[in-house]
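Per-entry structural report
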Amino acid sequence: MTTSLRTKNFIAIGILILLTIAYFWKFFFLGFLPMGGDIATYTYPPWYHHYHAKTKSQNPLLSDPVFLHYPLRKLACERLKEGKITLWNPYIFCGSPLFSTNSVSFCPLNLLFIFFDPLTAYSLILILQMLLSGVFMYTFLRGSLSLGSFGALIGGIIYEFSGFSIVWLEMGILSGFLLPLILFLIDRAISRRSIFYTSLAGIALGIQLLSAFLQIGLFVLLAATAYSLFKIFLNRDIKAVRYAALVFVFGIGLAAVQLITSYELIKHSHRQPIKNYRMLAPLPWQNLITFLVPDYYGNPADYNYNPIRGKFRSIFEKYNLKLPPPHPRRGIMEDNYNELCGYIGILPLILAFLVIFLKRDKNAIFFASFTLISLLLVLGSPLYYLLFV
């Protein structure tokens with residue numbers, strides 16, 4: 001790497017750092033926390049009776065970090081400071097598994113709890129996940145897709161500050177921050193037949209599986225698998241399959257300490273498994289407009305978020321059309337802003353379409369196809385039926 005390229009990379013990463021600091025300026029300069037702690041006073045007595053009548057919490061949708069994720073992670077890491085790995089939480093009902101839940105994991109970032117107070121450590125984990133997602137996307141676009149420094153920087157900014165990253169930020173466990181790095185390392189492992197990059201890709205995949213909801217981990221696995229097959233096909237190198245396979249064996253094996261215990265816990269869950277195609281709760285097609293206007297149906301922070309069906313009811317009634325029956329499993333998800341947020345910005349969408357029609361190289365075709373298939377799946381198309389055959 002020449003000095004000029006190295007300088008451009010440092011500048012780009014510096015810009016990402018500055019943007020992250022600017023976004024979290026209240027944490028760095030005012031000592032505020034990126035967590036809606038005010039929600040506790042509006043939910044539990046005796047504070048509820050005093051505050052609820054006068055005002056409202058800033059966002060009632062973000063209760064899980066306050067009531068679940070932060071307390072459980074704090075408990076686990078306090079025991080870790082004492083030199084203990086506590087597998088059981090005695091404070092919920094008659095007790096419950098601790099490390100088997102997604103709220104607490106073996107993610108290396110949790111080591112920050114050892115060096116900082118719990119609130120600061122939790123905040124730094126959220127901030128680092130966002131920053132690293134941008135840096136890793138920049139690395140992937142520069143190193144694997146051969147974009148220029150400016151284009152890669154734009155891609156890193158878009159990925160870091162996408163709607164998905166922002167609405168799930170406070171959860172701390174719904175981030176695919178390592179996905180770009182995994183794809184970059186898989187590309188290196190396959191292209192160079194390198195056991196070194198294979199090992200690094202496996203470690204990155206394992207950490208990702210340890211760091212997020214199992215659903216996010218599954219999405220990352222699917223994306224990594226599709227990209228691996230694409231790179232093998234592109235290089236016409238069937239022998240590279242062994243390197244790709246080792247990535248997944250190593251990554252899943254590394255995360256097995258969490259995956260196995262979570263699987264044991266899932267078997268005792270009160271939630272019913274999805275056994276057939278009709279039980280799926282697809283993304284409502286009406287919600288596609290939020291890819292352009294994220295608050296088209298309102299926002300929970302403004303207390304004006306309305307169910308999707310209600311927005312279109314007048315259209316059906318105006319033309320004497322029969323309103324479709326509600327989906328049997330949609331329920332809360334229909335009213336959950338976070339679950340339905342796919343906004344990345346108007347300009348990124350325009351740029352994505354321009355790449356498809358102007359560049360037309362194999363990478364563009366792959367990612368366009370992957371996006372289209374993903375969209376058809378989330379909309380509940382017959383493609384999903386193949387998973388139940």
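My aim in this report is to walk through the structure given alongside it, one point at a time.

What counts and what doesn't
Residues numbered from 1 in each chain as written. Predicted model: local features only at pLDDT ≥ 70, side-chain atom pairs only at ≥ 80, totals over all residues. Heavy atoms only, no water. Helix = DSSP H or I, 4+ residues; strand = E, 2+ residues; numbered from the N terminus. Contact = heavy atoms within 4.5 Å. Axes fitted to C-alpha atoms, helices over the stretch in contact; angles between N-to-C directions. Parallel < 35°, antiparallel > 145°, perpendicular 65-115°, else oblique. Left-handed = near helix turned anticlockwise from the far one by under 90°. Nonpolar A, V, L, I, M, F, W, Y, C, P; charged D, E, K, R; others polar. Buried < 20%, exposed > 50% of the residue type's maximum accessible area, 1.4 Å probe, protein only.

Focus on the environment of Leu 128
- Mapped onto the fold, Leu 128 is located in helix H6 (residues 118-143).
- Each C-alpha atom of the pair Leu 128 and Phe 177 lies 9.3 Å from the other, and the pair is 49 residues apart in sequence.
- Once you skip the residues sitting within four places of it in the chain, Leu 128 turns out to touch Leu 109 and Leu 112.

Some thoughts on the packing of helix H1 (residues 3-23) against helix H7 (residues 149-160)
- Following both chains from N to C, one finds H1 and H7 inclined at 25°, their axes separated by 10 Å at the closest point. Regarding the angle of H1 to H7, the classification is roughly parallel. Handedness of the crossing formed by H1 with H7: right-handed. Residues Lys 8, Ala 12, Ile 15, Leu 16, Leu 19 and Thr 20 of H1 lie in contact with H7, whose contacting residues are Ser 149, Leu 153, Gly 156, Ile 157 and Glu 160.
- Residues belonging to the contact of H1 with H7 are distributed by class as follows: 6 nonpolar, 3 polar and 2 charged.

Description of the packing of helix H9 (residues 179-192) against helix H10 (residues 195-211)
- Taken N-terminus to C-terminus, the directions of H9 and H10 make an angle of 155°; their axes are 8 Å apart at the nearest point. With respect to their mutual orientation, H9 and H10 come out roughly antiparallel. When the axes of H9 and H10 are compared, the crossing they make is left-handed. Contacts between H9 and H10 involve Leu 179, Leu 181, Ile 182, Leu 185, Ile 186, Arg 188, Ala 189 and Arg 192 from the former and Tyr 197, Thr 198, Leu 200, Ala 201, Ala 204, Leu 205 and Gln 208 from the latter.
- Of the residues that constitute the contact of H9 with H10, the class distribution is 11 nonpolar, 2 polar and 2 charged.

With respect to unusual backbone geometry
- Positive phi, close to 50°, is recorded for Arg 193, a residue that is not glycine.
- With respect to the helices and strands, Arg 193 occurs in the loop between H9 and H10.
- Non-glycine residue Arg 236 carries a positive phi angle of around 50°.
- Among the secondary structure elements, Arg 236 is positioned in the loop between helix H11 (214-235) and helix H12 (241-254).
- For Arg 236, a relative accessible area of 64% puts it in the exposed group.

Let's talk about the side chain of Ser 123
- Note on placement: Ser 123 falls in helix H6.
- We classify Ser 123 as buried; its relative accessible area is 2%.
- The contact partners of Ser 123, leaving out residues within four places of it in the chain, are Phe 27, Leu 33 and Pro 34.

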